[in-house]
Amino acid sequence: MSTPAVQALASQVGGHAGVMTTEDGSLLIKPALKRELEFYQRLQTEEDEALATLRKYTPKFLGTLTLEGEAKEGSSEGGALEIKPAAERKDEFLVDRLVIFYCGAYQISTNTPNILDIKLGTVLYDETASEEKVARMIKAAKDTTSFETGVRLTGFQASLDLPNCMLTKHSDNALNTPKAYGKSIKPSDLPDGIARFFPLGTDPLEGAPEEPKLGLPNHVLLPVLKAIRDEIAEVRSALAKIEFRMVGGSILVIYEAEWERADAAIKRYVEESKRVPEKEEEEEEDEDEEDEDDEEENLPPPAFCVKLIDFAHTRVEAGLGPDEGVLLGVDTVLRLLDGRIQQISE
C-alpha cells in the first residue's frame, strides 16, 4: 500500500505550523504531544455519557505515526515536515507522534469554506508552566479578551461566492483575518468580530452583472446560525459534566459560503434533525459501525461543522471539577451567536 502524498494545510487560520493534509483532503495529519494523544485515545474508549457526546464534536481520530525526533520550527512550508534527530531535540518541545484524523466532516467544499477558530478559557497555562510563563500568560489573558470573556478570536477566513465566470483553478476567494485582530480587540468588539465571520449577503439586482458575494442570504444564514448555536450548546452541556482542565483548546466552526450548496445542505440538515431516531440494540450499533463509516464518506458536503480541537494541554481527572474558564468561553460564544441571530432576524 503506497503512502499518500501530503501537503501543508492551506486554510489553517490558527494554531501552530506543521498541520498537513493528504492531496485529496481526506486526512489531516498534525504533530501531537503525549497528553493530546492520551486524550484522543481515552475519548475513543470511555463509556462516560458526556465524553461519548463530546466524541462526535471532536476530530475523528484514526491513529498515529511515530517520529524519531522533533519537528523543526518552520519546516512544514511546502508540505514537508523536517525532523530534527532525537539527540538534538529538547524535551519541552518534544513531538513524537503525528496524529491522523479523517477530514470528511471538514470538507464543506473545495473553494468556499468559512473558517473560525475560537480559543477557549481564561487560563492560558497548565500545571507544568514555569513561574515566568505563568506571569506572561496571565498578562496575555488580561491584555486580550480571554480573561474577561473566556474567548479569543484566534483567526478566521470568510470566502467569497464567486460566479462561474470568475472561477479559475487558482481563484483566491478567501478574505483572511489574522491572529493580530483577535489579540487587539476589546470584549465590546467581539460582536463585530462575529458579524465579520457571519456577514449577511444580499441578492443582486435583477439584470445586474454577476459579482462575488460575501455572506449568505438571510433565509440561509439564519438557520445555519441557529444550527451552529444548537450544536455548541450541546458541547457546553457535555463539558459541564466532565472533570477536566483544557488550556489552549478551541471551538472550530466551518460553514459553506456558496449560496446554492449552503441552501441545499442546511435544508437537508433541518429535515434530518426532525426525524425521530430509531432505538437500536448496542450489538446492532457495533455491527453497523463500519457500514456507517462507509456511508459517511459518500454523504454530500454539510452546511457547517462544529468541532472542539487542540488538546495538547487537556487532562481529564477525577476531583478537578468542570473547567469554569472554558465554560465561560462557551457561554460567551452562545451569547455572541444569540446576538447575531437577533440582528439578522430584525
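Residues numbered from 1 in each chain as written. Predicted model: local features only at pLDDT ≥ 70, side-chain atom pairs only at ≥ 80, totals over all residues. Heavy atoms only, no water.

The final tally for this structure, using the stated rule, is 10 aromatic pairs. When the ring of Y40 is compared with that of F61, the centres are 5.7 Å apart and the planes differ by 15°; the resulting orientation is stacked. Note that Y40 is positioned in helix α1 (residues 34–45) and F61 in strand β4 (residues 60–66), a separation of 21 residues in sequence. The class of Y40 is buried, set by a relative accessible area of 1%. Pairing F156 with Y181 gives two aromatic rings, centres 6.0 Å apart and planes at 85°, and the pair type is edge-to-face. One end of the pair, F156, is in strand β9 (residues 151–161); the other, Y181, is in helix α5 (residues 179–184), with 25 residues separating them in the sequence. Exposure remark for F156: the relative accessible area of 3% places this residue in the buried category. (Phe/Tyr/Trp six-rings, centres within 6.5 Å; stacked < 30°, edge-to-face > 60°. Helix = DSSP H or I, 4+ residues; strand = E, 2+ residues; numbered from the N terminus. Buried < 20%, exposed > 50% of the residue type's maximum accessible area, 1.4 Å probe, protein only.)

Time to look at the pairing of strand β8 (residues 113–120). Burial analysis of β8 places eight of its eight residues in the buried class, the great majority of the element. Of the two faces of β8, the one holding P113, I115, D117 and K119 and the one holding N114, L116, I118 and L120 are both buried throughout. Alignment of β8 against strand β13 (residues 250–256), held across seven bridges, turns out to be antiparallel. Note on β13: the bridge partner recorded for N114 is Y255. (Pairing = 2+ DSSP bridges.)

For the rest of this paragraph, the subject is unusual backbone geometry. Outside of glycine, negative phi angles account for most residues, and trans bonds account for most peptide bonds. If you check the backbone angles, D310 has positive phi at about 70° while not being a glycine. With respect to the element layout, D310 can be found in the loop between β14 (304–309) and β15 (313–316).

Now for the pattern of salt bridges. According to the stated counting rule, one finds 17 salt bridges in the structure shown. When the shortest N-O distance is used, the salt bridge between E132 and R136 registers 3.0 Å. Here E132 pairs with R136, and both are found in helix α3 (residues 131–143), just four residues apart, close to one helical turn. Look at R136 and you get partly exposed, because its relative accessible area is 42%. Measuring nitrogen to oxygen at the nearest pair gives 2.9 Å for the salt bridge that ties R236 to D331. Residue R236 is located in helix α7 (residues 218–239), and its partner D331 is located in helix α10 (residues 324–345); the two are separated by 95 residues in the primary sequence. Residues joined by salt bridges that share partners form a network here, namely R35, D126, E127, R315 and E317. (Salt bridge = Lys/Arg side-chain N within 4 Å of Asp/Glu carboxyl O.)

Another aspect to go through is the pairing of β15. Residues T314 and V316 line the buried face of β15, whereas the alternating positions H313 and R315 sit on a face that is not buried. Note that strand β12 (residues 244–247) and β15 share four bridges and pair antiparallel. Counted as the bridge partner of F244 is V316 from β15.

Right, let's get into α7. With 22 residues, α7 ought to run about 32 Å at 1.5 Å a step, and its terminal C-alpha atoms sit 31 Å apart, in line with that. Buried residues of α7: V220, L221, L222, V224, L225, A227, I228, E231, I232, V235, A238 and L239, and no others. Tucked into the core, α7 has its buried residues touching α2 (49–55), β12, β13, α8 (259–274), β14 and α10. (Expected span 1.5 Å × (residues − 1). Contact = heavy atoms within 4.5 Å.)

Another point: empty space enclosed by the protein. Any empty space left between the atoms is revealed when a probe the size of a water molecule rolls over them. Scanning all chains against the criterion turns up two cavities of 30 Å³ or more. Space inside the largest cavity adds up to approximately 40 Å³. At the level of secondary structure, the elements contributing two or more residues to the lining of the largest cavity comprise α2, β12 and β15. The residue inventory of the lining of the largest cavity, partitioned by class, reads 10 nonpolar, one polar and no charged. If you add up the space inside the second largest cavity, you get close to 40 Å³. Those elements giving two or more residues to the lining of the second largest cavity turn out to be β8, α7 and α10. (1 Å grid on protein atoms, 1.4 Å probe; cavity = no way out; pocket = protein on both sides within 12 Å on 5 of 7 lines; lining within 4 Å. Points joined across faces, edges and corners; volume = space filled by probe spheres on them. Nonpolar A, V, L, I, M, F, W, Y, C, P; charged D, E, K, R; others polar.)

This brings us to the side chain of Q157. Position of Q157 among the secondary structure elements: in strand β9. Looking at Q157, its side chain comes within polar contact range of the main-chain oxygen of P113, at 3.1 Å. (Polar contact = N/O pair within 3.5 Å; in protein donor to acceptor, adjacent residues only side chain to side chain.)

For the rest of this paragraph, the subject is the nonpolar core. Judged by nonpolar contacts, the single largest core of 58 residues is most densely connected at L54, F198, I228, I232, L239, Y255 and L308. In this structure, I115, I254, C305 and I309 belong to the second largest nonpolar core, which totals five residues. (Core = buried A, V, L, I, M, F, W, Y, C linked by side-chain atoms within 4.5 Å.)

When pLDDT is averaged along the protein, the result is 78, and 66% of the positions lie at 70 or above. Here residues 76–81 is a poorly scored stretch, pLDDT under 50, and it has 15 contacts once near neighbours within four places are set aside; other chains count. pLDDT under 50 marks residues 280–287. Its contacts with residues more than four places away, or in other chains, come to one contact. (pLDDT = per-residue confidence, 0-100.)

Next up on the list: the side chain of K119. Relative to the helices and strands, K119 resides in strand β8. Looking at K119, its side chain comes within polar contact range of the main-chain oxygen of G248, at 2.9 Å. A polar contact is formed between the side chain of K119 and the side chain of S250, at a distance of 3.1 Å.

Before going further, it helps to examine the packing of helix α6 (residues 190–197) against α10. Two elements in contact, α6 and α10, have axes separated by 10 Å at closest approach and are oriented at 65°. The hand of the α6/α10 crossing is right-handed. Contacts from L190, P191, I194 and A195 in α6 reach T332, L336 and R340 in α10. Among the residues forming the contact of α6 with α10, the class breakdown is five nonpolar, one polar and one charged. (Axes fitted to C-alpha atoms, helices over the stretch in contact; angles between N-to-C directions. Left-handed = near helix turned anticlockwise from the far one by under 90°.)

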